[in-house]
Amino acid sequence: MGAMTDFADRARDAAALAGREKAAYTGGEERPLGSFVAIMGAYVATVATLSGVARWRGVRLPERLSWSDLALATVATHKVARLLSKDPVTSPLRAPFTRFAGTSGEAELAEEVRGSGPRKAIGELVTCPFCLGQWVTTAFVFGLVTAPRATRLAATVFAMHAGADLLQFAYAKAQSMAD
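Residues numbered from 1 in each chain as written. Predicted model: local features only at pLDDT ≥ 70, side-chain atom pairs only at ≥ 80, totals over all residues. Heavy atoms only, no water.

## Some remarks on the overall build of the protein
Part 1 of the argument: Scanning the protein for helices and strands turns up seven helices and two strands.
Part 2 of the argument: In sequence order, the secondary structure elements of the protein are arranged as α-α-α-α-β-β-α-α-α.
Part 3 of the argument: For the protein, the spread of C-alpha atoms along the principal axes amounts to about 80 × 45 × 25 Å.
Part 4 of the argument: Counting every position in the protein, which comprises 179 residues, the buried fraction comes to 27%.
Part 5 of the argument: Taking as baseline every contact in the protein between residues at least 6 positions apart, the subset at least 24 positions apart corresponds to 57%.
Part 6 of the argument: Counting every atom, the protein has about 12300 Å² of accessible surface; 65% of that belongs to carbon and sulfur.
Part 7 of the argument: Within the protein, the 16 negative side-chain charges are centred at a point lying 7 Å from the centre of the 20 positive side-chain charges. (Helix = DSSP H or I, 4+ residues; strand = E, 2+ residues; numbered from the N terminus. Buried < 20%, exposed > 50% of the residue type's maximum accessible area, 1.4 Å probe, protein only. Contact = heavy atoms within 4.5 Å. Areas by Shrake-Rupley, 256 points an atom, 1.4 Å probe, with all protein chains shown as cover. Lys, Arg positive; Asp, Glu negative; His and termini not counted. Charge placed at Lys NZ, Arg CZ, Asp CG, Glu CD.)

## Some remarks on the pairing of strand β2 (residues 108-113)
Part 1 of the argument: Where strand β1 (residues 98-105) meets β2, five bridges bridge the pair, whose relative direction is antiparallel. Pairing of Phe 100 across the sheet is with Glu 111, part of β2.
Part 2 of the argument: Between β1 and the antiparallel strand that follows it, β2, lie two residues; Ala 107 among them carries a positive phi value of about 55°. (Pairing = 2+ DSSP bridges.)

## Here we look at the nonpolar core
Part 1 of the argument: Within the largest apolar cluster, nine residues are counted, these being Leu 72, Ala 73, Ala 76, Val 80, Val 136, Phe 140, Leu 144, Ala 155 and Ala 159.
Part 2 of the argument: For this core, the secondary-structure elements that each account for two or more residues are α3 (67-86), α6 (129-146) and α7 (148-178).
Part 3 of the argument: Considering every element that reaches this core, the biggest residue donor is α3, with four residues.
Part 4 of the argument: Contact partners of Val 80, with chain neighbours within four places excluded, come to Val 136, Phe 140 and Phe 158.
Part 5 of the argument: In this structure, Ile 39, Ala 81, Leu 125 and Leu 132 belong to the second largest nonpolar core, which totals five residues. (Core = buried A, V, L, I, M, F, W, Y, C linked by side-chain atoms within 4.5 Å.)

## Concerning the packing of α6 against α7
Part 1 of the argument: For the pair α6 and α7, the least separation of the axes is 6 Å and the interaxial angle reads 140°. Comparing the axis directions of α6 and α7 gives the class oblique. Only Pro 148, Thr 151, Arg 152 and Ala 155 of α7 make contact with α6, whose side of the interface consists of Phe 140, Gly 143, Leu 144, Val 145 and Thr 146. (Axes fitted to C-alpha atoms, helices over the stretch in contact; angles between N-to-C directions. Parallel < 35°, antiparallel > 145°, perpendicular 65-115°, else oblique.)

## Thoughts on the packing of aromatic side chains
Part 1 of the argument: One pass over the full model with this rule turns up one aromatic pair.
Part 2 of the argument: Judged by centre distance (5.3 Å) and plane angle (75°), the rings of Tyr 43 and Trp 135 are edge-to-face. Remark: Trp 135 occurs in helix α6 and Tyr 43 occurs in helix α2 (residues 33-56); sequence separation between them is 92 residues.
Part 3 of the argument: The exposure class assigned to Trp 135 is partly exposed, which follows from its relative accessible area of 28%. (Phe/Tyr/Trp six-rings, centres within 6.5 Å; stacked < 30°, edge-to-face > 60°.)

## Description of the pattern of salt bridges
Part 1 of the argument: For the coordinates displayed, the defined rule picks out seven salt bridges.
Part 2 of the argument: Linking Arg 10 and Asp 6 is a salt bridge whose minimum nitrogen-to-oxygen distance equals 3.5 Å. Of this pair, Arg 10 and Asp 6 both sit in helix α1 (residues 2-26), four residues apart, roughly one helical turn.
Part 3 of the argument: Arg 31 is paired through a salt bridge with Glu 124; the nearest N and O atoms lie 2.7 Å apart. Taken together, the residues Arg 31 in the loop between α1 and α2 and Glu 124 in helix α5 (residues 118-126) connect sequence positions 93 residues apart.
Part 4 of the argument: Looking at Arg 31, the relative accessible area reads 24%, which means it is partly exposed.
Part 5 of the argument: A relative accessible area of 22% places Glu 124 in the partly exposed class. (Salt bridge = Lys/Arg side-chain N within 4 Å of Asp/Glu carboxyl O.)

And the structure:
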């Protein structure tokens, strides 16, 4: 019984310390730190699961990825993260966690995160291309290791889309300078 009491006391002390640290960090603002911990845990669990599946399938890790694969996946990650976090067509995926607030650029939406706890934490994740980039990059890396041909094809689509976006901006700039 003593070990259980000692464990319960330590758990209570840890919870109290976490509560004090959260209060000191947030300064009274609503910050879903516990939900962020859960999202980080989900990421770690996803990576562990993908790693386990790859190992079970006998996939051997490459010594390194090629520079061309790194460049392709980098550009594709940028485009996919922006599509998921800002594109009007993907707004139904973000709608449970956000509120439409207008536009923020060419073919991009401005959305405000809503709710609290997990809803707010997920809203912050799905509206942030920088935050989503980690998840997207992980998918591309696992794809390059387990199904490189299909992953390169998919990444090429998004990299070409990003390149076409740059050309659209360049064309619009040239057109405005001509007027």
